[in-house]
Amino acid sequence: QTIADRLTRAVAREPDPRKKLLAVFDSQAESFAARGFNGCAFISASTEAQPGGRIQAATHEYRGWLRGLFRDLAEQAGAPDPDALAAELQMLYDGAAMSVRLDGDPAIARAVRRAVEALVDREIPV
């Protein structure tokens, strides 16, 4: 199962557009807690990859897909600036993955989810 498949399924389970944004981070938290989780494969692979190579291309494709997912969900939820919110959400998503990899503590997912909730509440008032 790919990351895109996992996230797409998590988003599809939520009918509420705001909760779809949170579902991405809930799915990420589940992957953090999974046995054998060793960080984001794209971050790990691209760290030493040659510029312009297949790994970099795959990483850019995945990151573009993820940014698009966040943008689409932010727009559906009524964000006034879906591009800005998508960039902020992707930064939190990436930061969470890096923190778990560096610290080995999947509990970071709770802190990130709280930050995402606060950001969504600020950017998309109910």
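Residues numbered from 1 in each chain as written. Predicted model: local features only at pLDDT ≥ 70, side-chain atom pairs only at ≥ 80, totals over all residues. Heavy atoms only, no water.

Points about the packing of aromatic side chains
Counted only if it meets this: Any pair of Phe, Tyr and Trp rings, taking the six-membered ring for Trp, is counted once the centres come within 6.5 Å. Such a pair is stacked with planes under 30 degrees apart, edge-to-face with planes over 60 apart, and tilted for the rest. Note on conventions: DSSP H or I runs of at least 4 residues are helices, E runs of at least 2 residues are strands, and numbering of each starts at the N terminus. Summary of the burial criterion: residues with accessible area below 20% of their type's maximum are buried, those above 50% are exposed, and those between are partly exposed, where the area comes from a 1.4 Å probe applied to protein chains only.
Considering all chains together, one arrives at 3 aromatic pairs under this definition. Ring centres 5.7 Å apart and planes at 25° place the aromatic pair Phe25 and Phe70 in the stacked group. Taken together, the positions of Phe25 in helix α2 (residues 17-33) and Phe70 in helix α4 (residues 54-76) put the pair 45 residues apart, joining distant regions of the chain. Comparing Phe25 with Phe70 shows no difference in burial state: the two are buried. Both rings, one in Phe25 and one in Tyr93, keep their centres 5.8 Å apart while their planes meet at 70°; by these two values the pair is edge-to-face. Of the two residues, Phe25 sits in helix α2 while Tyr93 sits in helix α5 (residues 82-103), which places them 68 residues apart along the sequence. Both residues of the pair, Phe25 and Tyr93, count as buried. Within the aromatic cluster, the residues linked to one another by ring pairs are Phe25, Phe70 and Tyr93.

Considering the environment of Pro82
Just so we agree on the cut-off: Between two residues, a contact is recorded if the distance between any of their heavy atoms is within 4.5 Å.
Of note, Pro82 is situated in helix α5. Between the C-alpha atoms of Pro82 and Ile124, which are 42 residues apart in sequence, the distance is 9.8 Å. Apart from the residues within four sequence positions on either side, Pro82 is in contact with Arg71, Ala74 and Glu75.

Quick look at the nonpolar core
Here is the rule: To define a nonpolar core, start from buried Ala, Val, Leu, Ile, Met, Phe, Trp, Tyr and Cys residues and group those joined through side-chain atoms within 4.5 Å.
With 28 residues, the main nonpolar core has Leu21, Val24, Phe25, Phe70, Leu89 and Tyr93 as its most contacted residues. When residues of this core are traced back to their parent elements, those giving at least two are α1 (3-12), α2, α4, α5 and α6 (108-123). Ranked by residue count, the leading element in this core is α5, at 7 residues. The residues touching Leu21, leaving out its near neighbours within four places in the chain, are Phe70, Leu73, Ala74, Ala77, Leu89, Val120 and Ile124.

Side note on the environment of Asp5
Here Asp5 lies in helix α1. The sequence separation of Asp5 and Ala118 amounts to 113 residues, and the corresponding C-alpha distance is 26 Å.

As for the packing of α5 against α6
Spelled out, the test is: Interaxial angle, 0 to 180 degrees, is taken between N-to-C directions of lines fitted to C-alpha atoms, where a helix line uses only the stretch in contact. Geometric relationships in this document are graded by angle, where less than 35 degrees denotes roughly parallel, more than 145 denotes roughly antiparallel, 65 to 115 denotes roughly perpendicular, and other angles denote oblique. Lys, Arg, Asp and Glu make up the charged group, whereas Ala, Val, Leu, Ile, Met, Phe, Trp, Tyr, Cys and Pro make up the nonpolar group; the residues left over, Gly among them, are polar.
Contact pair α5 / α6: the axes reach a minimum separation of 10 Å and the direction vectors enclose 170°. Overall, the two elements α5 and α6 adopt an arrangement that is roughly antiparallel. From α5, Leu85, Glu88, Leu89, Leu92, Ala96, Ser99 and Val100 reach across to α6, where they touch Ile108, Val112, Ala115, Val116, Leu119, Arg122 and Glu123. Residue composition of the contact of α5 with α6, by class: 10 nonpolar, 1 polar and 3 charged.

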